[in-house]
Amino acid sequence: MNRLSQTLAQGLERVTGAALGPYQSAVIRIGFAGTWLLFLLREFPHRQELYGPAGPWSWNLAHQLIADNHAFTVLMWSDSRLWFEVCYLLALLASAALLVGWRTRTAAVLFMVGVLSLQNRSVFMGDGGDNVLHLMSLYLVFTRCGQVWSLDARRAGRAEAARARGERVPGDRVGPVLWALSGAVLVTAAVTGRFGGGWLVPALLWAVWAGLGLWWAAGRWTRSQQPWMLLDVLANVLHNAGLVVIMAEACLIYATAGWYKIQGSRWQDGTAVYYPLHLDYFSPWPALADLMSASGVLMMIVTYGTVMVQVAFPFTLFNRRVKNVLLVLMMAEHAVIAVVLGLPFFSLAMITADAVFLPTAFLLFLGGWASRARGRLIRRGGTRRVPPPRAPEESTAGHVGFRA
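Here the structure is a predicted model, which means the values were calculated and not measured. (Residues numbered from 1 in each chain as written. Predicted model: local features only at pLDDT ≥ 70, side-chain atom pairs only at ≥ 80, totals over all residues. Heavy atoms only, no water.)

Caption draft 1: Representation of the overall build of the protein chain within the structure. Helix and strand content of the protein chain: 17 helices and zero strands. In terms of C-alpha radius of gyration, the protein chain reaches 24 Å, essentially the compact-globule figure of 22 Å for 404 residues. For the protein chain, the spread of C-alpha atoms along the three principal axes comes to 70 × 65 × 55 Å. By residue count, 40% of the 404 residues in the protein chain fall in the buried class. Here the contacts in the protein chain between residues at least 6 apart in sequence split such that 77% fall between residues at least 24 apart. Total accessible area computed for the protein chain in this model is approximately 23,300 Å², and 67% of it derives from carbon and sulfur atoms. Treating the 34 positive side-chain charges of the protein chain as one cloud and the 21 negative ones as another, the clouds have centres 13 Å apart. (Helix = DSSP H or I, 4+ residues; strand = E, 2+ residues; numbered from the N terminus. Rg over C-alpha atoms; globule rule 2.2 N^0.38 Å. Buried < 20%, exposed > 50% of the residue type's maximum accessible area, 1.4 Å probe, protein only. Contact = heavy atoms within 4.5 Å. Areas by Shrake-Rupley, 256 points an atom, 1.4 Å probe, with all protein chains shown as cover. Lys, Arg positive; Asp, Glu negative; His and termini not counted. Charge placed at Lys NZ, Arg CZ, Asp CG, Glu CD.)

Next up, the structure:
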């Protein structure tokens, strides 16, 4: 009994004492934000046809559907073209901000709003990758995904270094301004009845807004550290719970896909992979598809291998070596799908979902390699400026913002 109590106490301390998986959460932040940003940029010339008020799926048709399913989208707040252009631009900016980790918590909320608004506006424009992005944009709001590999982390590191040197760190100004602007938007939307549909997303927006305000107030107006420590514990619990949900969602995707494939006759006889390779819509490289499908043995191996990997993956999480092998196989499969079937954004979304299971040692190696490559590019692309002699040392302290 004492051993069980000790184990539970250690587990509780681990869950509440720190935000676990900082590198895994940073990878999925970068991956999903980058995937959505690339998609928005690629479809920028066609944005009006896909999501605009004058597209094939008109604003009136979308309004009728949303009146029934109560989906959240700010594009239904107005049918003007200007409003659509502003929303599309904000979705681009939010994705870019989340990608680089600038004001990560606020950027994650705006990223979620952009994803939900565009996808719920035109529900027939998506595929499996869009469904993954739809779900993960909600889960990312709960995570502290800017602890590493972000501008927020760099700003916090500079502030800590300045404090260690005894320098004064200027107060944050951008954070309160963003908080006030977002609050004004929420109040306006509530007063004008824009949140007339479902309650889940508006409640989440209000909760995040209130939490950021409490965090700022606890760090500025209270002399005791206890309110801040309580908020930090709650943020850690939400982060760890969100990361577990993301992992469970990825396992559920593969498990359901695998078990449904087992029931299909084409998957049972080993020919299922052959047919998509000969669909015009999924054949950007017909010669490559013909080369792959020319071997019946290869088609059978890929078909059965896909089913076995997807069904087995959730059960391999308790064995690191087997799990890592299956991760390599699944990521390689999605890379092939991106090239052969012409589904790059679906593949990027699934590879990002897989990345949450990557070991920390590999991510650290990957981050070190990227940092060294960046340093070599900087040294090759520019000249180092030599400071004048006896110049006074300038403070490099950054602003302290809302903690991600």
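Caption draft 2: Seen up close, the pattern of salt bridges. Taken as a whole and judged by the stated rule, the model has nine salt bridges. Taken together, the salt bridges that share partners define one network made up of Arg47, Arg81 and Glu85. (Salt bridge = Lys/Arg side-chain N within 4 Å of Asp/Glu carboxyl O.)

Caption draft 3: Looking closely at the environment of Arg42. Of note, Arg42 is situated in helix 2 (residues 22–42). Remark: the alpha-carbon pair of Arg42 and Thr303, spanning 261 residues in sequence, is separated by 31 Å.

Caption draft 4: Molecular detail of unusual backbone geometry. Positive phi, close to 60°, is recorded for His70, a residue that is not glycine. Its place among the elements puts His70 in the loop between helix 4 (59–69) and helix 5 (81–100).

Caption draft 5: View of the packing of helix 5 against helix 6 (residues 104–121). Interaxial distance between helix 5 and helix 6 falls to 8 Å at its minimum, and their mutual angle equals 135°. Judged on the interaxial angle alone, helix 6 and helix 5 are oblique. As for how helix 5 packs across helix 6, the hand of that crossing is left-handed. Seen from helix 5, the contacting residues are Phe84, Tyr88, Ala91, Ala94, Ser95, Ala97 and Leu98; seen from helix 6, they are Thr104, Ala107, Ala108, Leu110, Phe111, Gly114 and Leu118. Grouping the amino acids of the contact of helix 5 with helix 6 by side-chain chemistry returns eleven nonpolar, three polar and no charged. (Axes fitted to C-alpha atoms, helices over the stretch in contact; angles between N-to-C directions. Parallel < 35°, antiparallel > 145°, perpendicular 65-115°, else oblique. Left-handed = near helix turned anticlockwise from the far one by under 90°. Nonpolar A, V, L, I, M, F, W, Y, C, P; charged D, E, K, R; others polar.)

Caption draft 6: Just the UniProt feature "transmembrane region" (unreviewed entry) in the protein chain, in detail. Per the UniProt record, "transmembrane region" (unreviewed entry) is annotated on residues 20–41, 82–102, 174–193, 199–218, 230–257, 291–313, 325–345 and 351–370. Span residues 82–102 is 90% helix and 0% strand, its end C-alpha atoms 26 Å apart. Within the segment residues 351–370, helix and strand shares are 80% and 0% respectively, and the terminal C-alpha atoms sit 19 Å apart. (UniProt positions renumbered as here; feature names shortened; annotations may be inferred.)

Caption draft 7: Summary view of the packing of aromatic side chains. All told, the structure shown has 16 aromatic pairs when counted by the stated rule. Between Tyr274 and Tyr275, the aromatic rings sit 5.5 Å apart at their centres with planes inclined by 90°, giving edge-to-face as the arrangement. Residue Tyr274 is classed as partly exposed on the basis of its relative accessible area, which comes to 34%. Since its relative accessible area comes to 42%, Tyr275 is described here as partly exposed. (Phe/Tyr/Trp six-rings, centres within 6.5 Å; stacked < 30°, edge-to-face > 60°.)

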